[in-house]
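Spelled out, the chains give:
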Amino acid sequence: MIVREIQCKSVLQKTGLPADYVINCYVGCGHACCYCYARYMKRFTGHTEPWGTFVDVRVNAPALLEREVRRKRPGSVMLSSVCDGWQPLEKKHRVSGACLAILVDHGWPVRILTKSTLVQRDLDMLADAEDADIGVTLTAAGEEIRRLIEPDASPTADRIRLLEDAAARGIRVWAFLGPFLPGLTDTPENIDALMGAIADLPLTHLHTDRLNFRSGVAASVRRTVMGGFPGLRKQYARLGADPEADRDYEARLHTLTRELARKHGLLHLL
Ligand code: SF4
């Protein structure tokens, strides 16, 4: 992993996401998910290394945020959008955690989405916050596939336990299911297992996602899946290049996720 400590010029970015601002304390992400859409960030940051092999740490983010929360109009803040704020380097650098503490101190609403149980150490802060929620992304019920497609993120079962812990402390919890990969994780068995595992949680909402082929995602997914699952080679050789297959995949996934959400009593959360 190539790690650099860098200085950023601002922290709170206006966003069209379901939040007023977003904070990304890292450029790059050590979770190295093969389907990551954020790899487009390479274009804007001059990185030529493969996605998942470099991370720039915005070490001055907390200091800047202290100033920005006094200057900018208060609003809800998402952590994060083009990195995971609690990726492995957060253990040492703790920049997302420090930014979270500032937002909570100032009473700004916080929305977290992560694939890491490292955020566990910040749950006390979230429990004390006036307005905070935490969501985890879940893609694969089986660890063999999970390790292949998201090698350095936390195991799926640990992410679900994180939601259970958070909910037990009175923090609002939600889940983001997907993206589901064709022929691999878009199966009824996988989606049924994931929905079954979260069905008893007091979720506030649920998102499902299909694989999106933009920004070099198709090539990355193709490399990963064809290497790990030779039986899918034929299907993946045309991934993202066959509009009809793409439409079929999307329609099938839409129907399946709704059927299974209904089965598990989750349909109203979609
Ligand atoms: S955790 Fe999110 S930002 Fe990080 S590599 Fe995976 S998809 Fe990309």
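First things first, this report covers the structure right here in the doc. Owing to the predicted nature of the structure, the values given are computational and were not obtained by experimental measurement. Residue numbers run consecutively from 1 along every chain, following the written order of its sequence. It should be noted that, the model being predicted, local features are given only for residues of pLDDT at least 70 and side-chain atom pairs only at 80 or more, the latter also being counted only at that level, while totals for whole chains, interfaces and linings use all residues. Hydrogens are left out, water is left out, and the side-chain values use all remaining heavy atoms of the structure.

1. What about the overall build of the chain?
Heads up, the rule is: Secondary structure elements follow DSSP: runs of H or I no shorter than four residues count as helices, runs of E no shorter than two count as strands, and numbering proceeds from the N terminus. A radius of gyration in this sense is built from C-alpha atoms; the matching globule rule multiplies 2.2 Å by the number of residues raised to 0.38. Note on contacts: a residue pair is in contact if any heavy atoms of the two residues lie within 4.5 Å. Only the protein chains shown count as cover for residues, and all accessible areas are computed by the Shrake-Rupley method using a 1.4 Å probe. Under this rule, positive means Lys or Arg and negative means Asp or Glu; His and the chain ends count for nothing. Every charge is mapped to an atom, namely NZ of Lys, CZ of Arg, CG of Asp or CD of Glu.
Helices and strands together make up the secondary structure of the chain, namely eleven helices and ten strands. A compact globule built from 270 residues would reach a C-alpha radius of gyration of about 18 Å, and the chain, at 19 Å, matches this within 12%. Projected onto the principal axes, the alpha-carbon positions of the chain cover approximately 55 × 45 × 30 Å. Considering only intrachain contacts with a sequence separation of at least 6, the fraction spanning at least 24 residues in the chain is 77%. Looking at the chain as shown, the accessible area adds up to about 12300 Å², and 50% of this sits on carbon and sulfur atoms. Here the chain holds 36 positive side-chain charges and 33 negative ones, and the gap between their average locations is 6 Å.

2. Observations concerning the sheet that holds strand β4 (residues 26-27)
Note the threshold: A pair of strands is labelled paired if DSSP reports no fewer than 2 bridges between them.
Read across the open sheet, the three strands follow the order β1-β5-β4; overall the sheet is mixed. Strand pairing shows two members of the sheet lacking a second neighbour, β1 (2-6) and β4, which therefore form its edges. Where β4 meets strand β5 (residues 54-58), two bridges bridge the pair, whose relative direction is antiparallel. Each residue of the ladder has a partner; that of Tyr 26, found in β5, is Val 57.

3. Side note on the packing of aromatic side chains
Our working rule: Planes of paired rings set the category: under 30 degrees apart is stacked, over 60 is edge-to-face and the rest tilted, where pairs are Phe, Tyr or Trp rings (Trp by its six-membered ring) whose centres lie within 6.5 Å. We call a residue buried when its accessible area falls under 20% of the maximum for its residue type, exposed when it is over 50%, and partly exposed in between, using a 1.4 Å probe and counting protein chains only. Think of it as a cone above the ring: NZ of Lys or CZ of Arg counts as a charge over the ring if it is within 6 Å of the ring centre and within 35 degrees of the ring normal.
Following the criterion strictly, the structure yields three aromatic pairs and no others. With centroids separated by 5.9 Å and ring planes inclined at 85 degrees, the aromatic side chains of Tyr 40 and Phe 44 adopt a geometry described as edge-to-face. Given a relative accessible area of 28%, Tyr 40 falls into the partly exposed group. With relative accessibility at 59%, the residue Phe 44 sits in the exposed group. The ring of Tyr 21 has Lys 14 sitting right over it, with the charged end atom 4.8 Å from the ring centre.

4. Quick notes on the site of the ligand
Stated precisely, the cut-off is as follows: Proximity criterion: a residue is near a molecule or strand once any of its heavy atoms comes within 4 Å of it. The residue classification treats Ala, Val, Leu, Ile, Met, Phe, Trp, Tyr, Cys and Pro as nonpolar and Asp, Glu, Lys and Arg as charged. All others, Gly included, are polar.
What surrounds the ligand is the set Cys 29, His 31, Ala 32, Cys 33, Cys 36, Trp 51, Cys 83, Asp 84 and Lys 115. Per-class residue counts for the shell around the ligand are six nonpolar, one polar and two charged.

5. Section: the packing of helix α8 (residues 188-198) against helix α11 (residues 243-263)
Our working rule: Lines fitted to C-alpha atoms define the axes, with helix axes restricted to the stretch in contact, and inter-axis angles between N-to-C directions lie between 0 and 180 degrees. Put simply, angles under 35 degrees are roughly parallel, angles over 145 are roughly antiparallel, angles from 65 to 115 are roughly perpendicular, and the rest are oblique. Note: crossing handedness is left-handed where the near helix turns anticlockwise from the far helix by less than a right angle, and right-handed where it turns clockwise.
Viewed as axis vectors pointing N to C, α8 and α11 meet at an angle of 40 degrees, and their least axial separation amounts to 10 Å. Judged on the interaxial angle alone, α11 and α8 are oblique. The hand of the α8/α11 crossing is right-handed. Here α8 contributes Pro 188, Ile 191, Asp 192 and Met 195 to the contact with α11, which in turn contributes Arg 252, Leu 253, Leu 256, Thr 257, Leu 260, Ala 261 and Lys 263.

6. Some remarks on the packing of helix α2 (residues 61-71) against helix α4 (residues 95-105)
When two helices pack together, their arrangement is given by the angle between the helix axes and the distance between those axes. Where α2 meets α4, the axes come as close as 9 Å, and the angle between the chain directions of the two elements is 20 degrees. The orientation of α2 relative to α4 falls into the category roughly parallel. Relative to α4, the crossing made by α2 is right-handed. Contacts from Ala 61, Pro 62, Leu 65, Glu 66 and Val 69 in α2 reach Val 95, Ala 98, Cys 99, Ile 102 and Leu 103 in α4. Here the residues of the contact of α2 with α4 sort into nine nonpolar, no polar and one charged.

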